[in-house]
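If you want the building blocks of each chain, they are given just below.
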Amino acid sequence: MKNTDRIVQMYDKYIMNTYKRVPLCLEKAKGARVWDIDGKTYLAFFPGWAVSGIGHCHPKVVAAINRQSKKLLHVSNNYYSELQAKLAETIIRNSFPGKVFFGNSGAEANEAAIKLARLYGHKTGRLEVITCLKSFHGRTLAMITATGQDKVKKGFEPLPAGFIHVPFNDLEAIKEAVNEHTVAIMLEPVQCEGGINIARQEYMKNLRRICDEKDLILILDEVQTGMGRAGRMFAYQNYGIVPDIMTLAKSLGGGVPIGACVVRGKFQYILTPGTHASTFGGSPLVCAASLAVFEAIVKENLLQNANRMGRYLRVRLEGLKKKYHFIKEIRTMALIIGVELTVKGEDIYKECLKAGLLINCTQDTVLRIMPPLTVTKKEADRAIAILDKVFSGV
Ligand SMILES: *Cc1c(COP(=O)(O)O)cnc(C)c1O
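Below, the structure is looked at part by part.

This part takes up the state of the cysteines. All told, the structure shown has zero disulfides when counted by the stated rule. Cys361 carries a free sulfur, and the closest cysteine sulfur to it, the one in Cys352, is 10 Å from it.

A full pass over the atoms with the stated rule returns 20 salt bridges. Measuring nitrogen to oxygen at the nearest pair gives 3.0 Å for the salt bridge that ties Asp244 to Arg208. Highlighted residues: Asp244 in the loop between strand S10 (217–221) and strand S11 (245–248) and Arg208 in helix H7 (residues 201–214), separated in sequence by 36 residues. With a shortest N-O distance of 3.5 Å, Lys328 and Glu340 are connected by a salt bridge. Residue Lys328 is found in strand S13 (residues 327–333), and its partner Glu340 is found in strand S14 (residues 336–341); the two are separated by 12 residues along the sequence. By sharing partners, the salt bridges in this structure join Arg208, Asp212, Asp244 and Arg264 into a single network.

Taken together, Ser105, Gly106, Ala107, Asn110, Phe136, His137, Gly138, Glu188, Asp221, Val223, Gln224 and Lys250 make up the full set of residues near the ligand. Contacts to the ligand include Gly106, whose backbone N or O atom sits 2.8 Å from an oxygen atom. Within the side chain of Gln224, a nitrogen or oxygen atom sits 2.7 Å from an oxygen atom of the ligand. Protein chains shield 80% of the accessible area of the ligand, which is 380 Å² for the free molecule. At three residues, helix H4 (residues 106–124) tops the list of elements feeding residues into the shell around the ligand. Considering only residue class, the shell around the ligand consists of three nonpolar, six polar and three charged.

This brings us to helix H3 (residues 82–94). The periodicity of an α-helix, 3.6 residues per turn, causes residues three or four positions apart to be oriented the same way. With 13 residues, H3 extends 18 Å between its outermost C-alpha atoms, agreeing within 8% with the 18 Å of an ideal straight helix rising 1.5 Å per residue. Among the residues of H3, those classed as buried are Leu83, Leu87, Ala88, Thr90, Ile91 and Ile92. Looking at the buried side of H3, the elements it contacts are helix H2 (59–69), strand S4 (98–103), S11, strand S12 (259–264) and helix H8 (284–299).

This part is about the packing of aromatic side chains. Within a pair of aromatic rings, the relevant descriptors are the distance that separates the centres and the angle that separates the planes. Scanning the model with the defined rule gives eight aromatic pairs in all. Taken together through their ring pairs, the aromatic side chains of Phe96, Phe234 and Tyr236 make up a single cluster. Above the ring of Trp35, the side-chain terminus of Lys28 is found at 4.9 Å from the ring centroid.

Counted according to the given criterion, the structure contains one cavity of 30 Å³ or more. Approximately 40 Å³ is the volume attributed to the largest cavity. What lines the largest cavity is Phe45, Leu313, Leu317, Ile337, Leu357, Ile359, Ile369, Ala383, Ile384 and Leu387. Elements supplying a minimum of two residues to the lining of the largest cavity: helix H9 (302–323) and helix H11 (377–392). Sort the elements by how many residues they give to the lining of the largest cavity and H11 lands first, with three residues.

Rules used in this analysis
- Numbering of residues begins from 1 in every chain and follows the order in which that chain's sequence is written.
- Residues qualify for local features only when their pLDDT is at least 70, as the model is predicted, and side-chain atom pairs are given and counted only at 80 or more; totals for whole chains, interfaces and linings, by contrast, use all residues.
- Side-chain metrics rest on all non-hydrogen atoms present in the structure, leaving aside hydrogens and water.
- Here, a disulfide means two cysteine sulfur atoms that sit within 2.5 Å of each other.
- Salt bridge criterion: a side-chain nitrogen from Lys or Arg within 4 Å of a carboxyl oxygen from Asp or Glu.
- The way it works is that DSSP assigns letters per residue, a run of H or I at least four long becomes a helix, a run of E at least two long becomes a strand, and they are numbered from the N terminus.
- In this text, near means that some heavy atom of the residue lies within 4 Å of the molecule or strand in question.
- Under the rule applied, a polar contact is a pair of N or O atoms within 3.5 Å (in protein, one hydrogen donor and one hydrogen acceptor; residues adjacent in sequence only if both atoms are side-chain atoms).
- Only the protein chains shown count as covering a residue, and every accessible area follows the Shrake-Rupley method with a 1.4 Å probe.
- Polar here means any residue outside two lists: the nonpolar Ala, Val, Leu, Ile, Met, Phe, Trp, Tyr, Cys and Pro, and the charged Asp, Glu, Lys and Arg; Gly therefore counts as polar.
- One less than the residue count of a helix, multiplied by 1.5 Å, gives the span that helix is expected to have.
- Under the scheme applied here, a residue whose accessible area is under 20% of the maximum for its type counts as buried, over 50% as exposed, and between as partly exposed, the area being computed with a 1.4 Å probe on protein chains only.
- The contact criterion used is simple: two residues touch if any of their non-hydrogen atoms lie within 4.5 Å.
- Here is the rule: rings of Phe, Tyr and Trp (six-membered ring for Trp) pair when centre to centre is within 6.5 Å. Planes less than 30 degrees apart are stacked, more than 60 are edge-to-face, and the remainder are tilted.
- Comment: the charge-over-ring label is applied if NZ (Lys) or CZ (Arg) is within 6 Å of the ring centre and within 35 degrees of the ring normal.
- Cavities and pockets are defined on a 1 Å grid built over the protein atoms alone: a cavity is a set of grid points where a 1.4 Å probe fits but cannot escape, while a pocket is an open set with protein on both sides within 12 Å along at least five of seven lines, and lining residues are those with an atom within 4 Å of any such point.
- Grid points are joined across faces, edges and corners, and a volume is the space filled by probe spheres set on the points.

Here's what the structure looks like:
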């Protein structure tokens, strides 16, 4: 029996069946390369759902974790630790003046943002949050409510009140939805789970203006788009606007669980002692890893590489589009890449897997391709060659 089959059997017996999995058991990884437990290698072009944003087991991250694991793993948040302070300072230096709350995941970062909005709303008598259809904000009860997709909510009612959904990139819909009860607007600059839908410049600028005019909190969920993937440290920086709250997770920790809620201006003073907390949030171990991620992005010029390789992959994919009529549209922001098909993408994704390329398919027809920021031209060429071969068999 293959090792993979043995592990799959154990999962069947002991792991709750909440995921659609493919029979691939990973054992080790480096950069864009992963090895399964039976020794086969793959090119990871969606490493860990965009968690390993600078590649798997980046040497700087591994070294930082090794170093810190010998000193101190966890500090409860009624004490101080230098690394939490340094990471917050680094996030703020790379974004906007404000303050950070640390949790452990994207959903938690978003929960902090919504709790803050609620607290602010209670002071001003406004409690509704507007979010977008096709969004994805996490799997807690409040976040499945915020998420604009029915499939994640079904069967979990009653859901928390106070969320309203509008179509993405539709300014008129926002204008109609905003009323005297609205306190915040939350959206992703690029809806990744939702099919790589990119917010338009004018849309984002107008949302900022509306929020300023009506004293609404503009919350940008950058859990998937942040940390260089969009060609700048954070995707909002492509829009010439600044959000009031930005949430981060996924690649923020370079592979370890961390979430951050970054808050600007007067909103940084809303949450006070006793209103919010996280036992594990901002521990020295994960902060050491995250500081190493920032260091790697800066010292290794990974933003430049993300832009360059994003452009290169786009050109190569446009080449494939000319060749294959079932490629409908290619949507990209640096290394956030969506290839929309006129056919279902599941078989393509599975054939890629067989051929040694790990990508993702979302919303049935959109191939989601998010190589690590460290991706080389050679790796990009290899991925394109595999895609070409798989497409030729469709
Ligand atoms: C993945 C994701 C989340 C949820 O993050 P978890 O760490 O799984 O809780 C929230 N928002 C966006 C945009 C995401 O991509």
